[in-house]
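What follows is the residue order along each chain.
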Amino acid sequence: MKKGIMIVILIASLTLVTACSGGETELDSDEKIEAFIANTLGNEEGAYKEVNSQIIMEGSGDTLEVEARKIEDYYSKQGDYIKTILTHSTTKEGDVTKELNDPLTSMIPEDFTFEEDTLFPVSSELSEEDKRQLKEHILNEFKEKF
């Protein structure tokens with residue numbers, strides 16, 4: 001009887017140790033690649049912006065770390081290009097921005113017509129290959145221009 005209880009305790013202990021050690025070695029990680037068109041906010045120039053973004057989230061809860069790269073091309077209601085803002089943001093260092101004078105976004109429909117208060121999510125239509133290419137585009141632009 002004592003031997004049976006000891007075996008049950010040993011099995012329960014091994015199961016607990018295995019479950020705990022598995023949780024420590026896995027790191028929660030997620031990456032989102034997007035291309036979309038959105039109305040500008042009140043403090044932003046222009047009527048709408050085309051956006052390419054990469055967001056990487058690692059960890060969870062108090063250990064969550066986020067890194068984001070965003071390319072925003074700003075346009076008037078008539079579709080005239082205004083400016084481009086590159087933003088690199090991290091949980092630890094905050095936002096670092098750079099303004100440019102050439103449009104840089106990719107994978108935005110060319111036949112877009114501005115409609116107020118409408119968001120055009122293109123990322124839902126991107127294939128995995130499109131997302132890979134868009135990620136490469138974003139990283140290259142930041143490497144070259146930042």
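The structure under discussion appears in the preceding block.
Here's the deal with the overall build of the chain
Item 1. Helix and strand counts for the chain stand at 2 helices and 6 strands.
Item 2. Listed N to C, the secondary structure of the chain is α-β-β-β-β-β-β-α in terms of helices and strands.
Item 3. The buried share of the chain, taken over its 146 residues, is 34%.
Item 4. Accessible area for the chain stands at about 9900 Å²; split by element, carbon and sulfur atoms hold 52% of it.

Some thoughts on the nonpolar core
Item 1. With 16 residues, the main nonpolar core has Y48, I71, L86 and L134 as its most contacted residues.
Item 2. Listing elements by their share of this core, those giving two or more residues are β1 (29-39), β3 (65-75) and α2 (128-145).
Item 3. Here L86 is in contact with K70, I71, V96, T97, K98, L100, L104, E141, F142, K145 and F146, once residues within four sequence places are set aside.

Topic: the pairing of strand β5 (residues 94-100)
Item 1. Relative to β5, strand β4 (residues 81-90) is paired through 7 bridges, and the arrangement is antiparallel. Looking at the pairing, L86 lines up with K98 of β5.
Item 2. Counting the residues in the hairpin turn of β4 and β5 gives 3 residues.

Some thoughts on the packing of aromatic side chains
Item 1. Under the counting rule described, the total for this entry stands at 3 aromatic pairs.
Item 2. For the ring pair Y48 and Y75, a centre distance of 5.3 Å and an interplane angle of 10° mean the geometry is stacked. Taken together, the residues span a long stretch of sequence, with Y48 in strand β2 (residues 48-58) and Y75 in strand β3 at a distance of 27 residues.
Item 3. Over the ring of Y74 we find K83; its NZ or CZ atom is 5.6 Å from the centre of that ring.

Some remarks on the side chain of T87
Item 1. The topology assignment puts T87 in strand β4.
Item 2. The exposure class assigned to T87 is buried, which follows from its relative accessible area of 10%.

A closer look at the environment of T91
Item 1. With respect to the helices and strands, the residue T91 is situated in the loop between β4 and β5.
Item 2. Look at T91 and you get partly exposed, because its relative accessible area is 49%.
Item 3. Distance in space between the C-alpha atoms of T91 and A68 is 9.2 Å, their sequence separation being 23 residues.
Item 4. Once residues within four sequence positions are removed from consideration, T91 is found in contact with L64, E65 and V66.
Item 5. In terms of polar contacts, T91 uses its side chain to reach the backbone amide nitrogen of V66, at 2.6 Å.

Some details on the environment of V51
Item 1. For V51, the location among the structural elements is in strand β2.
Item 2. For V51, a relative accessible area of 1% gives the class buried.
Item 3. Considered as a pair, V51 and T105 are 54 residues apart in the sequence and their alpha carbons are 6.3 Å apart.
Item 4. When neighbours within four sequence positions are excluded, V51 is seen to be in contact with E34, A35, F36, K70, I71, E72, T105 and I108.

Conventions used here
- Residues numbered from 1 in each chain as written.
- Predicted model: local features only at pLDDT ≥ 70, side-chain atom pairs only at ≥ 80, totals over all residues.
- Heavy atoms only, no water.
- Helix = DSSP H or I, 4+ residues; strand = E, 2+ residues; numbered from the N terminus.
- Buried < 20%, exposed > 50% of the residue type's maximum accessible area, 1.4 Å probe, protein only.
- Areas by Shrake-Rupley, 256 points an atom, 1.4 Å probe, with all protein chains shown as cover.
- Core = buried A, V, L, I, M, F, W, Y, C linked by side-chain atoms within 4.5 Å.
- Contact = heavy atoms within 4.5 Å.
- Pairing = 2+ DSSP bridges.
- Phe/Tyr/Trp six-rings, centres within 6.5 Å; stacked < 30°, edge-to-face > 60°.
- Lys NZ or Arg CZ within 6 Å of the ring centre and 35° of its normal.
- Polar contact = N/O pair within 3.5 Å; in protein donor to acceptor, adjacent residues only side chain to side chain.

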